[in-house]
Amino acid sequence: MKRYEVVAILKPDLPEEDITAIIERSSNIITERKGVIAKIDKWGKRRLSYEIKKSKDGFYFLIDFAGDGPIIAEMERNFKIDDRVLKFLTVKKGGAVTRGGMDAEIAAAEAKRTQIRIETETSSAAEEKTMPQGDKVSGEARPRRPYIRKPYSKEEQPKGGE
């Protein structure tokens with residue numbers, strides 16, 4: 001078994017039932033063929049960088065799983081047939097392929113995210129306490145002094161040809 005990630009973009013005007021049906025069908029394909037799903041993320045509706053099939057927005061979702069090649073072939077075949085899917089991308093990923101290993105990997109990533117969030121909150125709170133009220137600027141640097149040209153008299157002006 002190998003580890004894979006599938007990111008798909010669906011049409012933006014689909015109702016929630018259709019979105020869940022597409023995700024359910026994909027997860028059923030994985031589980032029926034003895035694959036192991038690590039996580040399913042709905043990223044939501046986002047702006048596309050360019051138009052795809054005359055759509056400027058799309059609904060993104062990600063499925064992280066471990067499985068074999070026939071699972072990928074079947075999922076991609078279903079995505080190609082379905083008109084509601086604008087684009088999809090399957091990426092082979094390194095990492096654990098057993099259920100326990102994937103759970104441990106996800107728990108470690110979540111712990112790291114919460115640790116970073118706690119550190120940023122405490123550091124921003126400490127900065128606010130140490131800064132005097134007059135020095136607080138909304139992320140802007142000090143304004144620069146304007147450059148003033150020195151006026152020349154006719155005799156002092158530099159000439160281009162000399």
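Residues numbered from 1 in each chain as written. Predicted model: local features only at pLDDT ≥ 70, side-chain atom pairs only at ≥ 80, totals over all residues. Heavy atoms only, no water.

Chemist: Any chance you could explain helix H2 (residues 69-81) here in plain terms?
Modeler: One turn of the α-helix equals 3.6 residues, which is why residues spaced by three or four share an orientation. Spanning 13 residues, H2 covers 19 Å between terminal C-alpha atoms, matching the ideal 18 Å at 1.5 Å per step. Contacts made by the buried residues of H2 are with strand E1 (2-10), helix H1 (16-32), strand E3 (55-67) and strand E4 (85-93). (Helix = DSSP H or I, 4+ residues; strand = E, 2+ residues; numbered from the N terminus. Expected span 1.5 Å × (residues − 1). Contact = heavy atoms within 4.5 Å.)

Chemist: Looking at this model, I keep getting lost on the nonpolar core. Mind explaining?
Modeler: Nonpolar side chains tend to gather and get buried jointly when the protein is soluble and globular. Leu-10, Ile-30, Phe-61, Phe-65, Met-75 and Phe-79 are the most contacted members of the largest nonpolar core, which totals 20 residues. Those elements that provide at least two residues to this core are E1, H1, E3 and H2. Top element by residues in this core is H1. It accounts for 5 residues. When sequence neighbours within four positions are dropped, the list of residues in contact with Met-75 reads Val-6, Ser-26, Ile-29, Ile-30, Ile-63 and Phe-65. Ile-9, Leu-48, Ile-52 and Tyr-60 belong to the second largest nonpolar core, which has 5 residues in total. (Core = buried A, V, L, I, M, F, W, Y, C linked by side-chain atoms within 4.5 Å. Buried < 20%, exposed > 50% of the residue type's maximum accessible area, 1.4 Å probe, protein only.)

Chemist: I tried to follow the packing of H1 against H2 on my own but got confused; where do I start?
Modeler: Between H1 and H2, whose axes approach to 9 Å, the crossing angle comes to 155°. Accordingly, the angle class assigned to the pair H1 and H2 is roughly antiparallel. Handedness of the H1/H2 crossing: right-handed. Residues Ile-22, Arg-25, Ser-26, Ile-29 and Ile-30 of H1 pack against Ile-71, Glu-74, Met-75, Asn-78 and Phe-79 of H2. Considered class by class, the residues forming the contact of H1 with H2 number 6 nonpolar, 2 polar and 2 charged. (Axes fitted to C-alpha atoms, helices over the stretch in contact; angles between N-to-C directions. Parallel < 35°, antiparallel > 145°, perpendicular 65-115°, else oblique. Left-handed = near helix turned anticlockwise from the far one by under 90°. Nonpolar A, V, L, I, M, F, W, Y, C, P; charged D, E, K, R; others polar.)

Chemist: Just checking my understanding: could you explain the sheet that holds strand E2 (residues 36-52) for this structure?
Modeler: Within a sheet, neighbouring strands are paired by backbone hydrogen bonds and run either parallel or antiparallel to one another. Reading across from one edge, E2-E3-E1-E4 is the order of the 4 strands in this open sheet, with antiparallel pairing throughout. Strands with a single pairing partner mark the edges of an open sheet, and in this sheet they are E2 and E4. Pairs of neighbouring strands in the sheet enclose a mean axial angle of 20°, with direction left out of account. Relative to E3, E1 is paired through 9 bridges, and the arrangement is antiparallel. Bridge assignment links Tyr-4 to a residue of E3, and that residue is Phe-65. Docked against the sheet, H1 engages E1, E2 and E3, running at close to 135° with respect to E2. (Pairing = 2+ DSSP bridges.)

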